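Descriptive analysis of the structure
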Amino acid sequence: MSGRVGVPVRVRRVSSELRELRLRSGLGAEEVAGALGMSMSKLSRMESGQRGLQADDVSALLGLYRVPARRREELLSLVRNAAMPNWWQVQEGRLPAMWEEATRFEREAAAIFNYETTLVPGMLQTAGYASALVGGTDPDLNIAEIETLVTSRLSRQTVLNRANAPHFEALIEQSTLERLVGEAGVMYQQIRHLVSAARQDNITVRVVETRAGAHPGLDGPFVLFDFDQHPSLVLLENRGSSAFLEEPEHVAATREALRRLHETALPAHDSIALMNDIADKLV
């Protein structure tokens, strides 16, 4: 999967939204193709990310779906800049940069590998942990804003429970589990949730012990997305900025770091035992 050459990440992102826009419009594919004078096969390839996109074609679709001018220009900008490698954004507003994009790729991925150095992966956070984390990292948020962010974060987790759920692997530093985020009871419930999640067939949780010392993961957290029909992507997030890396050398370097983390982390059953030990010390 990592070596496959395919449609750029920006185009894949727009293709995904084009399909969602058509479904929300209530129009069938045949109606849309007929209205714009394009073939059904062309529309299908545009929506599936199996081909590049032309700005004129996308503009016609967005007009048919009555997409607001600002959003229309954002999507067309992605199409016009499709040839630029990788994709970087700075956070605007309260939601993290690339939040919406990451959610779409989570839904499309066949496998997701998430290594974290300081916090529990968002896909496995409890409501209590997420609330304490959001409130602690941004003390200026009011209760309503915290609730909105927590709801958005937890809604992403539904992808792990669907019929065709991706495989999700979390690699977490031991120090993350020992850091109190919220009250001791909040952390206890979070660790128990990780143990429970790790028993699902499509979820693996492995812990990197503190005594493991220096290892390639210390360069920073990452998310690696593998897809059945598209090249792999790497998501990096850091203090209000996010980047999707798609160039083969970046993906290969991340996959090598993942391989070495697999050699360093405790096996799944030993990780569960360690998590249970840490949780027991909280009560």
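Residues numbered from 1 in each chain as written. Predicted model: local features only at pLDDT ≥ 70, side-chain atom pairs only at ≥ 80, totals over all residues. Heavy atoms only, no water.

**Brief notes about the overall build of the protein chain**
Scanning the protein chain from N- to C-terminus turns up 12 helices and 7 strands. A globule of 283 residues ought to have a C-alpha radius of gyration of about 19 Å, and the protein chain, at 20 Å, matches this closely. On the principal axes, the C-alpha backbone points of the protein chain span a range of 65 × 45 × 35 Å. Counting across all 283 residues of the protein chain, residues that qualify as buried make up 47%. Within the protein chain, contacts between residues separated by at least 24 positions form 76% of all contacts whose residues are at least 6 apart in sequence. Approximately 13,900 Å² of the protein chain is accessible, and the part contributed by carbon and sulfur atoms is 50%. Looking at the protein chain, you have 31 positive and 37 negative side-chain charges, and the mean spots of the two groups are 4 Å apart. (Helix = DSSP H or I, 4+ residues; strand = E, 2+ residues; numbered from the N terminus. Rg over C-alpha atoms; globule rule 2.2 N^0.38 Å. Buried < 20%, exposed > 50% of the residue type's maximum accessible area, 1.4 Å probe, protein only. Contact = heavy atoms within 4.5 Å. Areas by Shrake-Rupley, 256 points an atom, 1.4 Å probe, with all protein chains shown as cover. Lys, Arg positive; Asp, Glu negative; His and termini not counted. Charge placed at Lys NZ, Arg CZ, Asp CG, Glu CD.)

**Some details on the environment of threonine 118**
Tracing the sequence through the fold places threonine 118 in the loop between strand E2 (111-116) and helix H7 (127-137). Through-space distance from the C-alpha of threonine 118 to that of glycine 220 is 9.6 Å; in sequence the pair is 102 residues apart. Not counting residues up to four positions away in its chain, the partners in contact with threonine 118 are Thr176 and Arg179.

**Looking at helix H3 (residues 40-48)**
Residues Leu43, Met46 and Glu47 constitute the buried set of H3. When H3 is viewed along its axis, its buried side chains cluster within an angular range of 95° and face the same direction. Of the surrounding secondary structure, the elements contacted by the buried residues of H3 are helix H1 (9-25), helix H2 (29-36) and helix H4 (55-64). Positive backbone phi, at 75°, marks glycine 49, one or two positions downstream of H3. (Arc of directions from axis to C-beta.)

**What to know about the nonpolar core**
Counting residues in hydrophobic clusters, the biggest one holds 60 residues, and the most contacted among them are Val58, Leu124, Phe225, Phe244 and Met275. When neighbours within four sequence positions are excluded, methionine 275 is seen to be in contact with Leu177, Ile191, Leu194, Val195, Val205 and Val207. (Core = buried A, V, L, I, M, F, W, Y, C linked by side-chain atoms within 4.5 Å.)

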